[in-house]
Amino acid sequence: MTTDAATASGLSPTLAENEPLLSLRGINKSFGVIHVLKDVDFDCYAGKVTALVGDNGAGKSTLIKGIAGIYPFDSGSYVFQGEEVHVHSPKAASALGIEVVYQDLALCDNLDVVHNMFLGRELKTGLTLDETTMERRATETLSGLSVRTLKSVRTQVSRLSGGQRQTVAIARAVLWNSKLVILDEPTAALGVAQTEQVLQLVRRLADSGLGVILISHNMNDVMQVSDTIAALYLGQLVAHVRAQDVNNSQVVELITAGRSGDLGLPPEAAKEAVA
Amino acid sequence: MTTTTAEVTGAGTPEPEHESTGATLRSAISDYFAKLRGGDVGALPAVLGFVALVILFSALRPDTFATRLNWANLLNQSAAVIFIAMGLVFVLLLGEIDLSAGFTAGTSAVILAVLMTQQGWSWYTAAVVALLAGAAIGLAIGMLVAWLGIPSFVVTLAAFLALQGVMLAIIGSGGTIPIRDETILKIMNNQMSPTLSWAMWVVVVVGYALVVLLGLRSRRAAGLPVGSPVLPLLRVLVLAVLLGAVVVLFNQERSINPALKSLKGVPVIVPVTVAFVVVLTFVLSRTSFGRHVYAVGGNAEAARRAGINVNRVKIACFMIGSTLAAFGGILLASRDNSVSPSTGGAQTLLYAVGAAVIGGTSLFGGKGRVIDAIVGGLVVAVIANGLPLITQKSEIQFIITGLVLLLAAVVDALSRRRAAVTGR
């Protein structure tokens, strides 16, 4: 499964193992006088779930939106699949294979699952929509993600549960030969069982060779599903650690104080960051 | 052809369903009732309302309402409203409204009349200019709504007033311009021969059956689940019977004095309307533009993020709406044999909005079909035609018509709440 999918997403197995899929170096971003991102270095690997954690205002959204091309970074290098790229629009990000699933999912309730997955990128034969091919590909993508919770891909999205909606939004993101999927708080609005389903889906995405960036406030989710954890603290990336090397409370310390024992900022830098 | 993760892994190609026809039919029926309970009532209230009203009026006024001549009248009275309503469906799908549609029709009718009768233009150049005028009005409204973000309610209310002024300015107050052109008059005043009427029946029924069968075949060929073929074929049968009944009804002599002038056959406006319904339904349900219209009406922000040019879709819908209103204006001119400053005024707009909403198009956007305008338009026409036969008092007619429109809006709002409750 892993090798097949890695080939499908255009990665040679060696590249997926060694070189980061996405590599940001020295990223800065300011809005007016507010310096939101300060010399951020960030890596994300194919086949791995990278959790991006940080308190409100730490700069998570800014980092994500920069990666997705909603606004460009002020300075720093953006290397994707080993090549320096310039991403100045969401379209450019999509063309590289970077898809974002935002917290509000951006689904049209009045359309069915297939229509939503192909929204804005409908397949056509001549003038008319190619409904059969779209439905077939939607079904294949969903079953490729081992999604069994949807009764029919022709169900209107308004009839789906929160977890099912999240599933549809994620499936839409991977439909387009994408290589990196960014998930913004995918479990925030879900119950226990549905959270479990979505986390399993997140794990399967990575196992199939995609790079996954997971933004979450929920430490249980982060510890359960991620391979590495990157902590942002007041605009600085203070630590990027393997999930198995840290425990729950260390991550919380990194988020709230910027340091935890030997991890994160040196003590004096942590104080400066606040000032 | 791009490859997806799923295609390469090749997991879980769906098995074609092998359930027995009876079981799938039963599940199709139970799905339908689940949809109704979920608040998605579609055109059902309008169809039931139409049947109930026809029975009511026929029982109360058998010798004036349920006559062959009056059935033809009914179509004549409803045609323009139906065309304006078909245009409004596009605007309502966005969650917007066009209050100026009635006077857009009027303005186009005035332009048609002035160009033909006073300037001596041929009917087709005059008609093209009238339709272009409609498109231009829609373009202006659409740009103001999409680019400046003014609520469509305000923009079209302004247009509602201004267009009345334009009509008065062109005609001069109290003036009436007669229409003498044969072709324009024929649209609303002529009928096809009985043979041609049956030919129309064959074309429509066979055409619809072909679309249904080809759709089923391509799904089967692609290995997608194919529900029971009984239900779609039942729809073909229902269409065949209903349209057949219309043809039988209109193919009988309906002239009061057949010796003087024979009146037989389906009115010309029927095939014209059918052609528009087919084309517009195709646009809304089979093209990416149509899909984008629903997307913008359902969740404009999601549509924008999916890369859809929301402003362009909005402007296009207002243009389609106003152009269809302009066509309705030509029908009004044809029906009345003349154009006056009140053409397209009075209840025209309210009837058109009522037609679309009664037919099942939502005022909240994202839900509606072109055919809704037909079903709703016929309900409105039956009320407008039948009420005066029962009571001469216009105060009662106004109140009842108002209540019917309100009732349709209530059904719309309730079904929306119901959908919100059962959605999760």
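Reading the values: the criteria
Residues numbered from 1 in each chain as written. Chains lettered and ligands numbered in written order. Predicted model: local features only at pLDDT ≥ 70, side-chain atom pairs only at ≥ 80, totals over all residues. Helix = DSSP H or I, 4+ residues; strand = E, 2+ residues; numbered from the N terminus. Rg over C-alpha atoms; globule rule 2.2 N^0.38 Å. Buried ≥ 20, exposed ≤ 12 C-beta atoms within 10 Å, placed from the backbone. Contact = placed C-beta atoms within 7 Å. Core = buried A, V, L, I, M, F, W, Y, C linked by C-beta atoms within 7 Å. Axes fitted to C-alpha atoms, helices over the stretch in contact; angles between N-to-C directions. Parallel < 35°, antiparallel > 145°, perpendicular 65-115°, else oblique. Left-handed = near helix turned anticlockwise from the far one by under 90°. Nonpolar A, V, L, I, M, F, W, Y, C, P; charged D, E, K, R; others polar. Pairing = 2+ DSSP bridges.

Q: I keep staring at the overall build of chain B and nothing clicks. Help me out?
A: Check the secondary structure of chain B and you find 17 helices and two strands. In summary, chain B has a C-alpha radius of gyration of 23 Å against a globular reference of 22 Å for 424 residues, a match within 12%. Burial status across chain B gives 40% buried among its 424 residues. The contacts in chain B between residues at least 6 apart in sequence include a share of 78% that link residues at least 24 apart.

Q: How do you make sense of the nonpolar core when you look at a structure like this?
A: Where a protein is soluble and globular, its nonpolar side chains tend to be buried together. Counting 187 residues, the largest nonpolar core has A:Ala231, B:Ile84, B:Ala85 and B:Ala352 as the members making the most contacts within it. Apart from residues lying up to four places away in sequence, B:Ala352 is in contact with B:Val81, B:Ile84, B:Ala85, B:Leu88, B:Ala101 and B:Gly102.

Q: Help me understand the packing of helix H5 (residues 101–118) of chain B against helix H14 (residues 310–336) of chain B, please; the structure alone is not making it clear to me.
A: Think of two packed helices as two axes; the pair is described by the angle between the axes and how far apart they sit. All names here are of chain B. Between H5 and H14, the least distance of the axes is 7 Å, while the angle of their chain directions is 55°. In terms of their interaxial angle, H5 and H14 are classed as oblique. In the crossing of H5 with H14, the sense of the turn from one axis to the other is right-handed. Where H5 approaches H14, its residues Ala101, Thr104, Ala105, Gly106, Ser108, Ala109, Leu112 and Ala113 are matched on the opposing element by Gly321, Ser322, Ala325, Ala326, Gly328, Gly329, Ile330, Leu332 and Ala333. Of the residues assigned to the contact of H5 with H14, the class counts are 10 nonpolar, seven polar and no charged.

Q: Just to check I follow, could you spell out the sheet that holds strand S2 (residues 34–44) of chain A for this structure?
A: Pairing between the strands of a sheet comes from backbone hydrogen bonds, and it takes one of two forms, parallel or antiparallel. Residue and element names in this part refer to chain A. The strand order S2-S1-S4-S5 describes an open sheet built from four strands, whose pairing is antiparallel. Only two strands of the sheet have a single neighbouring strand rather than two, namely S2 and strand S5 (83–84). Across seven bridges, strand S1 (residues 22–31) lies against S2 in antiparallel orientation. In the strand pairing of S2, Ser23 is matched with Asp43. Of the strands in this sheet, S1 and S2 touch helix H3 (residues 60–67), which is tilted by about 65° from S2.

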